[in-house]
Amino acid sequence: MLHRDYEFLKYDSFLCASTVIERRLTDISEGIKDGTTTIIGKMKENHVSDVLEMVRASRIISDRHKQMYFY
């Protein structure tokens, strides 16, 4: 991810998608409500599409996780 595309980045960075961390949606929404989770930005649609393509082609992410979260 490039700093020039996302103001919340301090420098060019990378997105690690080598493991799936499962969290309940209620835990995420509660974290936002109570301030322990902060939304710092939103990925551009074309970058989301790129990530989804890479994850779907990954041999590391299980087929179960791919079907549950990435389609």
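Residues numbered from 1 in each chain as written. Predicted model: local features only at pLDDT ≥ 70, side-chain atom pairs only at ≥ 80, totals over all residues. Heavy atoms only, no water.

Colleague: Please clarify how the overall build of the chain should be interpreted in this entry.
Modeller: Along its length, the chain carries three helices and zero strands. For the chain, the α and β elements follow one another from N to C terminus as α-α-α. For the chain, with 71 residues in total, the buried portion stands at 13%. Long-range pairs, those at least 24 residues apart, make up 49% of the contacts in the chain between residues at least 6 apart in sequence. Accessible surface for the chain amounts to roughly 6,300 Å². Of this, 55% is attributable to carbon and sulfur atoms. (Helix = DSSP H or I, 4+ residues; strand = E, 2+ residues; numbered from the N terminus. Buried < 20%, exposed > 50% of the residue type's maximum accessible area, 1.4 Å probe, protein only. Contact = heavy atoms within 4.5 Å. Areas by Shrake-Rupley, 256 points an atom, 1.4 Å probe, with all protein chains shown as cover.)

Colleague: Even after reading the chapter, I still don't get the side chain of His65, so can you show me in this structure?
Modeller: As for its position among the elements, His65 is in helix α3 (residues 63–69). Side-chain polar atoms of His65 contact the side chain of Arg64, separated by 3.2 Å. Leaving out residues up to four positions away in the same chain, His65 has contacts with Val20, Glu22 and Phe70. (Polar contact = N/O pair within 3.5 Å; in protein donor to acceptor, adjacent residues only side chain to side chain.)

Colleague: Sorry if this is basic, but what is going on with the confidence of the model for the chain here?
Modeller: In low-pLDDT segments, the atomic positions of the prediction should not be examined closely. For the chain, mean pLDDT is 94; residues scoring 70 or higher make up 100% of the total. Within the chain, α3 has the poorest average pLDDT of any element, 94, and helix α1 (residues 25–34) the best, 96. (pLDDT = per-residue confidence, 0-100.)

Colleague: Can you help me understand the environment of Asp27 in this one?
Modeller: Note that Asp27 resides in helix α1. Judged by relative accessible area, which is 40%, Asp27 ranks as partly exposed. Taking the C-alpha atoms as reference points, Asp27 and Thr37, 10 residues apart in sequence, are found 9.5 Å from one another.

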